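Observations on chain architecture
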Amino acid sequence: MPDIAQLTFQLDHPDVPTQQEAADALVALGAEHLDAIVANIAFATPRARRALIGVIARIGTPAAMINLMRFVWDRRGSIEDSDARGLAMKGIAKLARPEDGARVLSFLMDVAEDHDPFVRAWTAQTLAALGDPRARAFLKQMLNDESEIVRERAQAGLEQLLDGTSDALISQVDDTELLAKLRTATGAHQAYWFNELKARPNALELAARMVREGGKGAGVWAKLSVGVR
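Thoughts on the packing of aromatic side chains
The full count for this structure, using the stated rule, is zero aromatic pairs. Of note, Arg76 hangs over the ring of Trp73, and the distance from its end group to the ring centre comes to 3.8 Å. Between Arg153 and the ring centre of Trp122, over which it is positioned, the NZ or CZ distance is 4.8 Å.

Thoughts on helix H13 (residues 203-213)
Restricting attention to buried positions, one finds in H13 the residues Ala203, Leu206, Ala207 and Met210. Along the axis of H13, the buried residues cluster in a sector spanning 100 degrees; they form a single face. Turned more than 90 degrees from where H13 packs its buried face, Glu205 and Arg212 sit exposed. Just downstream of H13, Gly214 is the residue with a positive phi angle, here 85 degrees.

Brief notes about the environment of Arg183
For Arg183, the location among the structural elements is in helix H11 (residues 175-184). According to the relative accessible area criterion, Arg183 is partly exposed, its value standing at 27%. Along the chain, Arg183 and Met210 lie 27 residues apart, while their C-alpha atoms are 8.6 Å from each other.

Some details on the side chain of Asn67
Secondary-structure assignment places Asn67 in helix H5 (residues 62-74). For Asn67, the side chain forms a polar contact with the main-chain oxygen of Ala63, separated by 2.9 Å. A polar contact is formed between the side chain of Asn67 and the side chain of Arg70, at a distance of 3.1 Å. For Asn67, the residues in contact, after removing those within four places along its chain, are Leu34 and Val38.

A word on the pattern of salt bridges
The full count for this structure, using the stated rule, is seven salt bridges. The closest approach of N and O atoms between Arg75 and Asp81, which form a salt bridge, is 3.2 Å. Here Asp81 falls in the buried class, since its relative accessible area comes to 1%. Through salt bridges with shared partners, a single network forms among Arg49, Arg75, Glu80 and Asp81.

Description of helix H4 (residues 46-59)
Compared with the 20 Å implied by 1.5 Å per residue over 14 residues, the 20 Å span of H4 between its first and last C-alpha is a close match. Among all positions of H4, only Ala48, Arg49, Leu52, Ile53, Gly54, Val55, Ile56 and Ile59 are buried. Looking at the buried side of H4, the elements it contacts are helix H1 (4-10), helix H2 (16-29), helix H3 (34-39), H5 and helix H6 (82-95). Backbone geometry just downstream of H4 places Gly60 in the positive-phi region, at approximately 70 degrees.

Regarding the packing of H5 against helix H7 (residues 101-111)
Contact geometry for H5 and H7: axes closest at 11 Å, N-to-C directions at 15 degrees. The angle between H5 and H7 falls in the class roughly parallel. Crossing handedness for the pair H5 and H7: left-handed. Across from Met65, Ile66, Met69, Val72 and Trp73 in H5, the residues of H7 making contact are Arg103, Val104, Phe107, Asp110 and Val111.

Thresholds applied
Residues numbered from 1 in each chain as written. Predicted model: local features only at pLDDT ≥ 70, side-chain atom pairs only at ≥ 80, totals over all residues. Heavy atoms only, no water. Phe/Tyr/Trp six-rings, centres within 6.5 Å; stacked < 30°, edge-to-face > 60°. Lys NZ or Arg CZ within 6 Å of the ring centre and 35° of its normal. Buried < 20%, exposed > 50% of the residue type's maximum accessible area, 1.4 Å probe, protein only. Helix = DSSP H or I, 4+ residues; strand = E, 2+ residues; numbered from the N terminus. Arc of directions from axis to C-beta. Polar contact = N/O pair within 3.5 Å; in protein donor to acceptor, adjacent residues only side chain to side chain. Contact = heavy atoms within 4.5 Å. Salt bridge = Lys/Arg side-chain N within 4 Å of Asp/Glu carboxyl O. Expected span 1.5 Å × (residues − 1). Axes fitted to C-alpha atoms, helices over the stretch in contact; angles between N-to-C directions. Parallel < 35°, antiparallel > 145°, perpendicular 65-115°, else oblique. Left-handed = near helix turned anticlockwise from the far one by under 90°.

As C-alpha coordinates, then:
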(Lines give C-alpha, C1' and ligand atoms only; values in the text may rest on other atoms or scores of the structure.)
Protein backbone atom coordinates (compact mmCIF):
# COMPACT_ATOMS: atom_id res chain seq x y z
CA MET A 1 0.00 0.00 0.00
CA PRO A 2 1.57 3.35 -1.02
CA ASP A 3 2.06 5.90 1.74
CA ILE A 4 -0.44 8.46 0.49
CA ALA A 5 -0.28 10.40 3.75
CA GLN A 6 3.49 10.84 3.34
CA LEU A 7 3.09 11.93 -0.27
CA THR A 8 0.43 14.42 0.84
CA PHE A 9 2.86 15.78 3.44
CA GLN A 10 5.46 16.25 0.69
CA LEU A 11 3.00 18.41 -1.24
CA ASP A 12 3.60 21.08 1.40
CA HIS A 13 7.41 20.88 1.14
CA PRO A 14 9.11 24.25 0.48
CA ASP A 15 11.06 22.69 -2.40
CA VAL A 16 8.99 22.87 -5.60
CA PRO A 17 10.60 19.83 -7.29
CA THR A 18 9.76 17.78 -4.19
CA GLN A 19 6.15 18.95 -4.39
CA GLN A 20 5.98 18.03 -8.08
CA GLU A 21 7.52 14.62 -7.47
CA ALA A 22 4.89 13.86 -4.82
CA ALA A 23 2.06 15.07 -7.07
CA ASP A 24 3.28 12.93 -9.96
CA ALA A 25 3.51 9.91 -7.67
CA LEU A 26 -0.07 10.41 -6.50
CA VAL A 27 -1.36 10.77 -10.06
CA ALA A 28 0.48 7.57 -11.00
CA LEU A 29 -1.50 5.71 -8.34
CA GLY A 30 -4.57 6.38 -10.45
CA ALA A 31 -8.27 5.80 -9.92
CA GLU A 32 -7.69 2.70 -7.80
CA HIS A 33 -6.48 4.90 -4.93
CA LEU A 34 -8.73 7.92 -5.59
CA ASP A 35 -10.79 7.48 -2.41
CA ALA A 36 -7.68 7.43 -0.24
CA ILE A 37 -6.29 10.51 -1.99
CA VAL A 38 -9.58 12.37 -1.48
CA ALA A 39 -9.67 11.36 2.18
CA ASN A 40 -6.37 13.16 2.78
CA ILE A 41 -7.90 16.51 1.79
CA ALA A 42 -9.42 16.79 5.26
CA PHE A 43 -6.00 16.64 6.93
CA ALA A 44 -3.92 18.62 4.43
CA THR A 45 -2.67 22.19 4.69
CA PRO A 46 -4.19 24.76 2.28
CA ARG A 47 -1.21 24.46 -0.07
CA ALA A 48 -1.36 20.66 -0.01
CA ARG A 49 -5.14 20.78 -0.58
CA ARG A 50 -4.60 22.85 -3.72
CA ALA A 51 -2.09 20.29 -4.92
CA LEU A 52 -4.44 17.40 -4.14
CA ILE A 53 -7.19 19.06 -6.17
CA GLY A 54 -4.73 19.26 -9.06
CA VAL A 55 -3.92 15.57 -8.60
CA ILE A 56 -7.61 14.60 -8.64
CA ALA A 57 -8.19 16.65 -11.79
CA ARG A 58 -5.23 14.95 -13.48
CA ILE A 59 -6.59 11.49 -12.58
CA GLY A 60 -9.55 12.65 -14.61
CA THR A 61 -12.13 9.89 -14.17
CA PRO A 62 -15.88 10.55 -13.75
CA ALA A 63 -15.45 9.77 -10.05
CA ALA A 64 -12.66 12.33 -9.89
CA MET A 65 -14.96 14.97 -11.38
CA ILE A 66 -17.67 14.16 -8.81
CA ASN A 67 -15.14 14.63 -6.01
CA LEU A 68 -14.12 17.99 -7.47
CA MET A 69 -17.76 19.08 -7.48
CA ARG A 70 -18.17 17.91 -3.90
CA PHE A 71 -15.09 19.89 -2.83
CA VAL A 72 -16.39 23.09 -4.44
CA TRP A 73 -19.74 22.68 -2.72
CA ASP A 74 -18.49 21.57 0.69
CA ARG A 75 -15.87 24.34 0.93
CA ARG A 76 -18.15 27.22 -0.08
CA GLY A 77 -17.54 30.17 2.20
CA SER A 78 -13.96 29.09 2.94
CA ILE A 79 -11.60 31.98 2.16
CA GLU A 80 -8.46 29.89 2.54
CA ASP A 81 -9.77 27.40 -0.01
CA SER A 82 -10.68 30.00 -2.62
CA ASP A 83 -7.76 29.11 -4.90
CA ALA A 84 -8.41 25.39 -4.51
CA ARG A 85 -12.10 25.83 -5.36
CA GLY A 86 -11.18 27.78 -8.47
CA LEU A 87 -8.74 25.04 -9.45
CA ALA A 88 -11.45 22.44 -8.88
CA MET A 89 -13.86 24.36 -11.13
CA LYS A 90 -11.17 24.51 -13.80
CA GLY A 91 -10.83 20.74 -13.56
CA ILE A 92 -14.60 20.28 -13.83
CA ALA A 93 -14.68 22.48 -16.94
CA LYS A 94 -11.98 20.32 -18.50
CA LEU A 95 -13.51 16.95 -17.55
CA ALA A 96 -17.24 17.58 -18.11
CA ARG A 97 -18.75 15.85 -21.14
CA PRO A 98 -22.25 15.98 -22.67
CA GLU A 99 -23.00 12.54 -21.25
CA ASP A 100 -22.49 14.05 -17.78
CA GLY A 101 -25.16 16.62 -18.61
CA ALA A 102 -27.86 16.12 -15.99
CA ARG A 103 -25.43 15.79 -13.08
CA VAL A 104 -23.14 18.64 -14.12
CA LEU A 105 -25.96 21.04 -14.99
CA SER A 106 -27.59 20.50 -11.62
CA PHE A 107 -24.28 21.31 -9.93
CA LEU A 108 -23.68 24.38 -12.08
CA MET A 109 -27.15 25.72 -11.30
CA ASP A 110 -26.33 25.40 -7.60
CA VAL A 111 -23.03 27.33 -7.85
CA ALA A 112 -24.10 29.93 -10.42
CA GLU A 113 -24.58 32.43 -7.57
CA ASP A 114 -21.54 31.39 -5.52
CA HIS A 115 -19.88 34.17 -3.52
CA ASP A 116 -16.56 33.60 -5.32
CA PRO A 117 -16.35 35.34 -8.72
CA PHE A 118 -13.84 32.81 -10.03
CA VAL A 119 -16.24 29.96 -9.27
CA ARG A 120 -18.99 31.86 -11.09
CA ALA A 121 -16.67 32.56 -14.03
CA TRP A 122 -15.78 28.90 -14.40
CA THR A 123 -19.48 28.09 -14.09
CA ALA A 124 -20.21 30.29 -17.09
CA GLN A 125 -17.42 28.73 -19.11
CA THR A 126 -18.51 25.19 -18.27
CA LEU A 127 -22.14 25.92 -19.11
CA ALA A 128 -21.06 27.01 -22.58
CA ALA A 129 -18.60 24.15 -23.04
CA LEU A 130 -21.30 21.57 -22.42
CA GLY A 131 -23.15 22.91 -25.45
CA ASP A 132 -26.71 22.92 -24.11
CA PRO A 133 -28.72 25.83 -25.59
CA ARG A 134 -30.95 25.78 -22.52
CA ALA A 135 -28.01 27.16 -20.53
CA ARG A 136 -28.59 30.55 -22.19
CA ALA A 137 -30.95 31.64 -19.41
CA PHE A 138 -28.19 31.33 -16.83
CA LEU A 139 -25.57 32.96 -19.03
CA LYS A 140 -27.86 35.90 -19.77
CA GLN A 141 -28.39 36.42 -16.06
CA MET A 142 -24.61 36.31 -15.56
CA LEU A 143 -24.23 39.26 -17.93
CA ASN A 144 -25.40 41.39 -14.98
CA ASP A 145 -22.86 39.94 -12.56
CA GLU A 146 -20.91 42.44 -10.45
CA SER A 147 -17.62 40.83 -11.53
CA GLU A 148 -16.14 41.78 -14.89
CA ILE A 149 -14.55 38.37 -15.40
CA VAL A 150 -17.92 36.66 -14.92
CA ARG A 151 -19.59 39.02 -17.39
CA GLU A 152 -16.84 38.37 -19.93
CA ARG A 153 -17.11 34.59 -19.58
CA ALA A 154 -20.90 34.77 -19.83
CA GLN A 155 -20.73 36.86 -23.01
CA ALA A 156 -18.18 34.50 -24.53
CA GLY A 157 -20.36 31.56 -23.53
CA LEU A 158 -23.45 33.01 -25.18
CA GLU A 159 -21.51 33.61 -28.38
CA GLN A 160 -20.22 30.05 -28.25
CA LEU A 161 -23.74 28.66 -27.88
CA LEU A 162 -25.01 30.80 -30.75
CA ASP A 163 -22.32 29.34 -32.98
CA GLY A 164 -23.80 25.85 -32.59
CA THR A 165 -27.20 24.23 -32.60
CA SER A 166 -26.37 21.29 -30.37
CA ASP A 167 -28.98 20.07 -27.94
CA ALA A 168 -26.68 17.35 -26.72
CA LEU A 169 -27.72 17.41 -23.09
CA ILE A 170 -31.00 15.65 -22.53
CA SER A 171 -32.52 16.15 -19.11
CA GLN A 172 -33.03 12.96 -17.14
CA VAL A 173 -36.02 14.28 -15.16
CA ASP A 174 -39.42 12.77 -15.90
CA ASP A 175 -42.55 14.83 -16.59
CA THR A 176 -43.75 14.88 -12.98
CA GLU A 177 -40.38 16.00 -11.64
CA LEU A 178 -40.11 18.66 -14.35
CA LEU A 179 -43.46 20.16 -13.36
CA ALA A 180 -42.44 20.11 -9.71
CA LYS A 181 -39.26 22.03 -10.54
CA LEU A 182 -41.24 24.58 -12.56
CA ARG A 183 -43.55 25.20 -9.61
CA THR A 184 -40.75 25.87 -7.13
CA ALA A 185 -38.00 27.44 -9.25
CA THR A 186 -37.45 31.18 -9.61
CA GLY A 187 -35.34 33.44 -11.83
CA ALA A 188 -32.86 31.73 -14.12
CA HIS A 189 -33.64 28.34 -12.61
CA GLN A 190 -37.27 28.69 -13.72
CA ALA A 191 -36.15 29.92 -17.16
CA TYR A 192 -33.98 26.83 -17.54
CA TRP A 193 -36.80 24.42 -16.67
CA PHE A 194 -39.23 26.36 -18.87
CA ASN A 195 -36.86 25.88 -21.82
CA GLU A 196 -36.70 22.19 -20.91
CA LEU A 197 -40.51 22.06 -21.02
CA LYS A 198 -40.60 23.80 -24.43
CA ALA A 199 -38.21 21.19 -25.84
CA ARG A 200 -40.54 18.30 -25.00
CA PRO A 201 -43.01 17.02 -27.62
CA ASN A 202 -45.80 16.95 -25.02
CA ALA A 203 -45.11 20.50 -23.78
CA LEU A 204 -48.68 21.80 -24.20
CA GLU A 205 -50.11 18.72 -22.54
CA LEU A 206 -47.80 19.22 -19.55
CA ALA A 207 -48.66 22.92 -19.32
CA ALA A 208 -52.36 22.06 -19.33
CA ARG A 209 -51.68 19.60 -16.53
CA MET A 210 -50.05 22.39 -14.52
CA VAL A 211 -53.15 24.54 -15.02
CA ARG A 212 -55.37 21.76 -13.74
CA GLU A 213 -53.12 21.21 -10.72
CA GLY A 214 -52.93 24.92 -9.85
CA GLY A 215 -49.92 26.95 -8.73
CA LYS A 216 -47.95 28.59 -11.53
CA GLY A 217 -49.72 26.59 -14.21
CA ALA A 218 -51.69 29.44 -15.76
CA GLY A 219 -48.59 31.58 -16.26
CA VAL A 220 -46.61 28.71 -17.77
CA TRP A 221 -49.52 27.89 -20.09
CA ALA A 222 -49.73 31.52 -21.25
CA LYS A 223 -46.00 31.76 -21.97
CA LEU A 224 -45.91 28.41 -23.71
CA SER A 225 -49.00 29.12 -25.85
CA VAL A 226 -47.46 32.34 -27.14
CA GLY A 227 -44.18 30.61 -27.81
CA VAL A 228 -45.62 27.85 -30.00
CA ARG A 229 -48.04 29.90 -32.13
